[in-house]
Amino acid sequence: MEKLWSLEDFDVENKRPSPEAQRRWRSAVGAVVKNPRRRFRFIADFAKRDAADKKRKSIQEKIRVALYVQKAALQFIDAGGRIEYKLSEEAREAGFGIHPDELASIVHSHDIRALKIHGGVDGIARKVSVSVNEGVGERDLPIRQNIFGVNRYAEKQARTFLMFVWEALQDLTLIILMVCAAVSIGVGIATEGWPKGMYDGSGILLSIILVVMVTAISDYKQSLQFKKLDEEKKKIFVHVTRDGKRQKISIYNLVIGDIVHLSIGDQVPADGIFISGYSLLIDESSLSGESEPVNVDEEKPFLLSGTKVQDGSAKMLVTAVGMRTEWGKLMETLSEGGEDETPLQVKLNGVATIIGKIGLGFAVLTFLILTGRFLVEKALHHQFTVWSSTDGLALLNYFAIAVTIIVVAVPEGLPLAVTLSLAFAMNKLMTERALVRHLAACETMGSASCICTDKTGTLTTNHMVVTKIWLCEKSIEIKGKESEDMLKSELSEEVLSLLLQVIFQNTGSEVVNVDGKITIYGSPTETAILEFGLLLGADFDEQRRNISILKIEPFNSVRKKMSLLVARPNGRKRAFCKGASEIILRMCNKFVDPNGEPLDLSDQHVSNITDVINSFASEALRTLCLAFKDMDDSSDERTIPEEGYTLVAVVGIKDPVRPGVKDAVKTCLAAGVTVRMVTGDNINTAKAIAKECGILTPDGVAIDGQEFRNLSAEQMRDIIPRIQVVARSLPLDKHTLVTNLRNMFGEIVAVTGDGTNDAPALQEADIGLAMGIAGTEVAKENADVIIMDDNFATIVNVARWGRSVYINIQKFVQFQLTVNVVALVLNFFSACISGSAPLTAVQLLWVNMIMDTLGALALATEPPNDELLKRPPVPKGASFITKAMWRNIIGQSIYQLAVLAVLNFTGKQLLGLNGSDATMVLNTLIFNAFVFCQVFNEINSRDIEKINIFRGMFSSWVFLGVIFCTVAFQAVIIEFLGTFASTVPLNWQLWLLSVLIGFVSMPVAVVLKCIPVEIKTKHHDGYEELPSGPDLA
């Protein structure tokens, strides 16, 4: 049995599976597939992928040549003369002075000479009729979109409903049955006349139409769900200046002439020209394939759509959008080839293959036995040489039954049920603020044994407020507006002036005042500090009016500081620095006294300030130091110093823990999921927050990033299981932690990330979770799930749905295998013993629909319950079809086969059936009882272990709807469609008997669930101990 059910060939990684493993399982499936087009719709198409890769490499090579061989290209163009572009009359009338294609070609060919001919960025701005300060006017948008195009890429046309109908008709067994039906109708009409001769064949055709329509509707609805999810994935927002105001818009609304603001982690949303900025470093690997980042400045001003901002910030002028960009042409190829299959889809393809082979064997045997008996009977009656059309119809009917057994036996719906369940879960998660980018992630999250989470914005609200400040050797508590007068009275003008300078001049954010309403565009930390500065009555524009910014080094998670160099009105230069308190403190050798004068920073002062930082941190405050340095004339024009600063202030920023986080962490721990906090904050702040959230326990370890990096492999093996907090971490620390958890301890790791440098950890983890609000586009692109509200509780919800998908598929597999076993064995042994099959082709097609499409709808879309998170996660390598499932399948099959066999062989005597229609009545009763056994077994399958299978059933409208439709249509088939389905109406006693036979499967299930199947105290699917006593219910 173990060898028969071995699924070794059907084992793939949940993330980036190897092509070898993907090809291995496809090969193992072989020819046991009824409808390859439908069954393999949601798996990678290697042929299309290869074609798309070739096209992608061709485009990348073209771009690489434009980027790196541009000089030779330009010399060639000069020798041959430049292309003449003729501007349309419409563009001329609208005030534009350059052709869209010419504008696009300047940037994607990096033609600096052509840019200079047009007057540089200012000349281009004039020709596209825009001011680099004011931006595009809202009323100009339609004309710009009309002339220069929209920022959308060519996409594959969505498939229509009729295409899904056609796909469902590609099922080989259905095609054979259609041929059988057509022959049956032809022969039937010739022998029995019209209309009686066409009933059998018409019944098969009507059943096929019903199966095809239900299948197509289910598949079409799935495709609409995936389309909706794809549209959500593509939503990217950028900051632009329009009508002189900074605002946030969708990249799809970008037009030529828009002034776009770029910062670290952004994706460049269109082709454009650099206007102004600092330290802009662009990763062009997505376009050119070159891994080395490129510096972009006034000398090299070209920015290409789809590239990523690795460092720095800038403003750019949009020059080409949509399909006029190389990224647009590249995007066409990205959707080709489909998404990688999920491990569960592959496993169930394996199960379907094994069952299909068994079913194929049974179908061939059934046909051979029926045909053999028929020929023996003819020989015994000395009619072997006498053949009639009736004999031909009988043989055709045997063949149709054998083919229909294959229809039922090859559970094509198993792998597709995974897709249905995942589509349902992903759609629900989207309404619950989690966007699943990759199918496998939703499934894998159910097995996650560890979550490495950021602190800021995930465990906390990310709404930061300055609540304490240290300056002039004293700590002051900030209590909103009432603190303004107190601070102004306590601080000298010189100190206040310096404080406002380090706040407003050293910032990458903007303060915008629109009709008296102040909006701050920047990170939550920057926003908190600027709000504090505004609280002191300062004016943002006034503070920055008389300075000239020479250089900016923006904050990132490696530097943990932001530095800025300015030229002051007196011609002198001043450097500002702010960031992680202990890092900035080490860079200082002076501090500001109450008179605003710099004093030497002694060891005692450093010790006192360190105590202040620790006292702030122990109150769960985020601490930052603000400092400046006046430069002498001999210093390098563009170098920002790394030492010799004067400390102005230490600020303590409160970022409250999100409501519900403590409960969510508690839920994780109860579910056997370890939560580890990895943060860039001070270790005392990290410990305080971790304790408040319930992450840091008395026996847990909180470690500093520097200390963690210096551990040996042996030390890591010893300490990692106990680590609960990593503070002052670098992105590399997160990557190291994730790698070791996976490789050393075999954990299934989910990791959160929001910055550009988190991309390696997000890729390395089993499930990468990017933040939707605080996350950069780079982080989102490398993630498997985007947490739209940045909330830790949402991550727990994803885990709940992941577990729900796994258990729902197990329920469906148990239900389907029971139907398989009973239908196969019943028809096979009936054929062997009596020479006829009690279930006809039409009836088997209906049963196939109950167990396939309708069964998947009922069981694979059940919503999760809280019990799922009171069990440990499913371990790696756990058997999918468990002993408890086998117990239920075998037990129910024995009961159903026993009852149906008794009816089949002694039913007439037991029920006193006689008359010409006794056989038809008995076969109808067997069919009806068989269907009701499946209806009640579908209800039994709602829980594999627990006796109470009604919990939550009446709130699951999909489940109730499927059960109601199944029973209602069964009644219609029996009472009204007898001529097509080979049934006769039943009296109320036989209806009651059918329902009673089905109902008895419920107490049978109760008895079965009391039979222990695990020696170890482990739940059937690796979740929990087998319940006993009162817990059983």
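Calculation notes
Residues numbered from 1 in each chain as written. Predicted model: local features only at pLDDT ≥ 70, side-chain atom pairs only at ≥ 80, totals over all residues. Heavy atoms only, no water. UniProt positions renumbered as here; feature names shortened; annotations may be inferred. Helix = DSSP H or I, 4+ residues; strand = E, 2+ residues; numbered from the N terminus. Phe/Tyr/Trp six-rings, centres within 6.5 Å; stacked < 30°, edge-to-face > 60°. Buried < 20%, exposed > 50% of the residue type's maximum accessible area, 1.4 Å probe, protein only. Lys NZ or Arg CZ within 6 Å of the ring centre and 35° of its normal. Pairing = 2+ DSSP bridges. Domains from an automatic or database assignment. Buried area = accessible area lost by both parts, 1.4 Å probe. Salt bridge = Lys/Arg side-chain N within 4 Å of Asp/Glu carboxyl O. Polar contact = N/O pair within 3.5 Å; in protein donor to acceptor, adjacent residues only side chain to side chain. Nonpolar A, V, L, I, M, F, W, Y, C, P; charged D, E, K, R; others polar.

**Digging into the UniProt feature "domain: Cation-transporting P-type ATPase N-terminal" (unreviewed entry) in the protein chain**
Those residues carrying the UniProt feature "domain: Cation-transporting P-type ATPase N-terminal" (unreviewed entry) are residues 118–184 in this numbering. Taken end to end, residues 118–184 comprises 55% helix and 0% strand; its first and last C-alpha atoms sit 78 Å apart.

**Re the packing of aromatic side chains**
The description of an aromatic ring pair rests on the distance of the ring centres and on the angle between the ring planes. Here the structure, examined in full by the defined rule, presents 10 aromatic pairs. With 5.7 Å between their ring centres and 70° between their planes, Phe161 and Tyr220 make a pair best called edge-to-face. Of this pair, Phe161 sits in helix 10 (residues 161–168) while Tyr220 sits in helix 12 (residues 199–233); the two residues are 59 residues apart in sequence, bridging distant segments of the chain. Its relative accessible area of 26% is what places Tyr220 among the partly exposed residues. Centre to centre, the rings of Trp846 and Phe969 are 5.0 Å apart; their planes meet at 55°, and the pair counts as tilted. Note that Trp846 is positioned in helix 33 (residues 841–859) and Phe969 in helix 36 (residues 957–976), a separation of 123 residues in sequence. Across from the ring centre of Tyr252, 4.0 Å away, lies the NZ or CZ of Arg152, which sits over that ring. The residue whose ring lies beneath Arg942 is Phe959, and the NZ or CZ to ring-centre distance is 5.5 Å.

**Points about the pairing of strand 16 (residues 573–580)**
By the criterion of burial, strand 16 is predominantly enclosed, with eight of the eight residues buried. Judged from the seven bridges that link them, strand 15 (residues 561–567) and strand 16 form a sheet pairing that is antiparallel. The residue of strand 16 that forms the bridge with Ser563 is Cys577. Between strand 15 and the antiparallel strand that follows it, strand 16, lie five residues; Gly571 among them carries a positive phi value of about 90°. Relative to strand 19 (residues 621–630), strand 16 is paired through seven bridges, and the arrangement is antiparallel. Counted as the bridge partner of Cys577 is Ala627 from strand 19.

**Here we look at the domain arrangement of the protein chain**
According to the domain assignment, the protein chain consists of domain 1 (85–148 + 237–325), domain 2 (434–460 + 658–790) and domain 3 (469–595 + 623–653). Between the C-alpha centres of domain 1 and domain 2 the distance comes to 37 Å. Contact between domain 1 and domain 2 buries roughly 470 Å² in total, counting both sides, with carbon and sulfur atoms accounting for 54%. The residue Lys308 makes a salt bridge to Glu781 at a minimum N-O spacing of 3.3 Å. Applying the counting criterion to the domain 1 and domain 2 interface returns three residue pairs in polar contact (both at pLDDT 80 or more). Partitioning the side of domain 1 that touches domain 2 into residue classes produces two nonpolar, two polar and two charged.

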